[in-house]
Amino acid sequence: MAQTSPELEPGGAIVETPPTSLRHDLYEAEVAAEHSSSGLPQFEFGYWPGQIFWLLIVFVILYVILSKLFLPRVGGAIEARAAKIP
């Protein structure tokens with residue numbers, strides 16, 4: 001059985017952690033090993049269609065916002081400054 005170890009809370013109070021069973025500790029170690037050995041999920045081909053879909057959605061939204069809202073305002077400001085300079 002795992003031992004309890006004192007921990008500090010943000011206020012500085014010492015808190016005893018409850019003991020855990022050996023089975024629980026082994027399970028957590030197995031789960032951690034599964035997650036660490038699988039690598040980066042963004043490089044697994046199974047996730048690519050969803051990533052490409054959201055990439056295209058975000059790109060289209062940003063393109064529309066920039067081309068219809070921000071760039072005309074910047075262009076107007078540049079033209080206004082050019083008109084003031086003789």
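Rules used throughout
- Residues numbered from 1 in each chain as written.
- Predicted model: local features only at pLDDT ≥ 70, side-chain atom pairs only at ≥ 80, totals over all residues.
- Heavy atoms only, no water.
- Helix = DSSP H or I, 4+ residues; strand = E, 2+ residues; numbered from the N terminus.
- Buried < 20%, exposed > 50% of the residue type's maximum accessible area, 1.4 Å probe, protein only.
- Areas by Shrake-Rupley, 256 points an atom, 1.4 Å probe, with all protein chains shown as cover.
- Contact = heavy atoms within 4.5 Å.
- Phe/Tyr/Trp six-rings, centres within 6.5 Å; stacked < 30°, edge-to-face > 60°.
- Patch = residues over 30% accessible without salt bridge, like charges linked within 9 Å, V, L, I, M, F, W, Y side chains within 5 Å.
- Salt bridge = Lys/Arg side-chain N within 4 Å of Asp/Glu carboxyl O.
- pLDDT = per-residue confidence, 0-100.

A. The overall build of the protein chain, seen in detail. In terms of regular secondary structure, the protein chain is built from two helices and two strands. For the protein chain, with 86 residues in total, the buried portion stands at 1%. Accessible area of the protein chain: about 8000 Å², with a carbon and sulfur share of 70%.

B. Focus on the environment of P72. Checked against the element boundaries, P72 lands in helix α2 (residues 48–84). When neighbours within four sequence positions are excluded, P72 is seen to be in contact with L66 and S67.

C. Here's a closer look at the packing of aromatic side chains. Across all of its chains, the model carries three aromatic pairs by this definition. Taking the centre distance of 5.1 Å and the plane angle of 75° together, the rings of F53 and W54 count as edge-to-face. What makes F53 partly exposed here is its relative accessible area of 45%. With a relative accessible area of 54%, W54 lands in the exposed category.

D. Quick look at a nonpolar patch on the surface. A cluster of nonpolar side chains, contributed by F53, W54, I57, I61, I65, L66, L69, F70 and L71, occupies part of the molecular surface with about 850 Å² of accessible area. Relative to the elements of secondary structure, I57 occurs in helix α2. The class for I57 is partly exposed, based on a relative accessible area of 32%.

E. Geometry of the environment of W48. The residue W48 is located in helix α2 in this model. Dropping the residues within four chain positions of it, W48 is found in contact with Q42 and F43.

F. Looking closely at the confidence of the model for the protein chain. Chain-level pLDDT for the protein chain is 79 on average; 69% of the residues reach the 70-or-more range. α2 holds the highest mean pLDDT among the elements of the protein chain, 94, whereas strand β1 (residues 6–8) holds the lowest, 62.

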